[in-house]
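Next come the chains, spelled out residue by residue.
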Amino acid sequence: GSITSTVSANVDAGFSIVSYTGTGSAATVGHGLSKAPEMITVKNRENARNWRTYHKYSGASDPETDYLNLDETGAVADYISWNDTAPTSSVFSITSSSDRAVNYSGETFVAYCFHSVDGYSKVGSYTGNDSSNGTFVYTSFAPSLVILKYTSGTAGGTKNWHMYDNKRSTYNPTENVLFANENTAESGASAFDIDFLSNGFKLRNAEGAVNNAAEYVYIAFAETPFKYSNAR
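Residues numbered from 1 in each chain as written. Predicted model: local features only at pLDDT ≥ 70, side-chain atom pairs only at ≥ 80, totals over all residues. Heavy atoms only, no water.

Comments concerning the overall build of the chain
Phase 1: Each helix and strand in the chain was counted, giving zero helices and 17 strands.
Phase 2: Here the C-alpha atoms of the chain give a radius of gyration of 18 Å, agreeing with the 17 Å that 2.2 N^0.38 yields for 232 residues.
Phase 3: Principal-axis analysis of the C-alpha atoms gives the chain an extent of 50 × 40 × 35 Å.
Phase 4: Of all 232 residues assigned to the chain, the portion counted as buried reaches 47%.
Phase 5: Residue pairs in contact within the chain that sit at least 24 positions apart in sequence constitute 61% of those at least 6 positions apart.
Phase 6: Just so you have it, the chain exposes about 10,000 Å², and 47% of that area is on carbon and sulfur atoms.
Phase 7: Taken as two groups, the 16 positive and 23 negative side-chain charges of the chain have centres that lie 4 Å from each other. (Helix = DSSP H or I, 4+ residues; strand = E, 2+ residues; numbered from the N terminus. Rg over C-alpha atoms; globule rule 2.2 N^0.38 Å. Buried < 20%, exposed > 50% of the residue type's maximum accessible area, 1.4 Å probe, protein only. Contact = heavy atoms within 4.5 Å. Areas by Shrake-Rupley, 256 points an atom, 1.4 Å probe, with all protein chains shown as cover. Lys, Arg positive; Asp, Glu negative; His and termini not counted. Charge placed at Lys NZ, Arg CZ, Asp CG, Glu CD.)

So, the pattern of salt bridges
When the charged atoms of two side chains with opposite charge come close together, those side chains can pair.
Phase 1: In total, this model carries five salt bridges according to the counting rule given.
Phase 2: Between Arg-168 and Asp-165 there is a salt bridge, with the nearest N and O atoms lying 2.6 Å from each other.
Phase 3: A relative accessible area of 14% places Asp-165 in the buried class.
Phase 4: Asp-195 serves as the salt-bridge partner of Arg-204, at 2.9 Å between the closest nitrogen and oxygen.
Phase 5: Residue classification places Asp-195 among the buried residues on the basis of a relative accessible area of 11%.
Phase 6: In this structure, a network of salt bridges that share partners links the residues Asp-165, Arg-168 and Glu-186. (Salt bridge = Lys/Arg side-chain N within 4 Å of Asp/Glu carboxyl O.)

Have a look at this one:
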């Protein structure tokens, strides 16, 4: 990139942790992966700023002009955080100091970068169907962790970052959910139920915050990466 970054990357797993010092001017930052990241979350380490998040499948025709905040419930919004430039296989772009969440002269930042890896992880999106026979989301593997978020459309209920895993919920429905943007305790409300399947996950309820007639983004990781998956 145009500024120095320190990178710890697992190229095979499609994940890297990047630290850099802001310059106050539009810049590019090396991420250490072999493909363009599909999801990036950046945090200012020195000031109370949002966890600014890029997601390739946020529903916009040009997601590089938009953002979500990992610590908030808001829908996807337009802003110049990524300098209106999509990530490449070597760098992601950040705007000038007008967005202190990703760049400010002399302040330090950390970024978490992900791209999908067949059989291991999946970054994607889905549309809810407002039905008790909810949307099925194909990942190609049995998930161990799913994080999902409403981005746009008509949505009732909460619009949190919902986090599910197969260690707290050991059978279907997977209903023990934590919210990345909240300090509340775990919820077991049936409105949030999903099923972890051998090749993806399925929403279980009409509406209920995760299956409204709305757009959602997610990131999922496999229970048994690169091996055969069994149903629960």
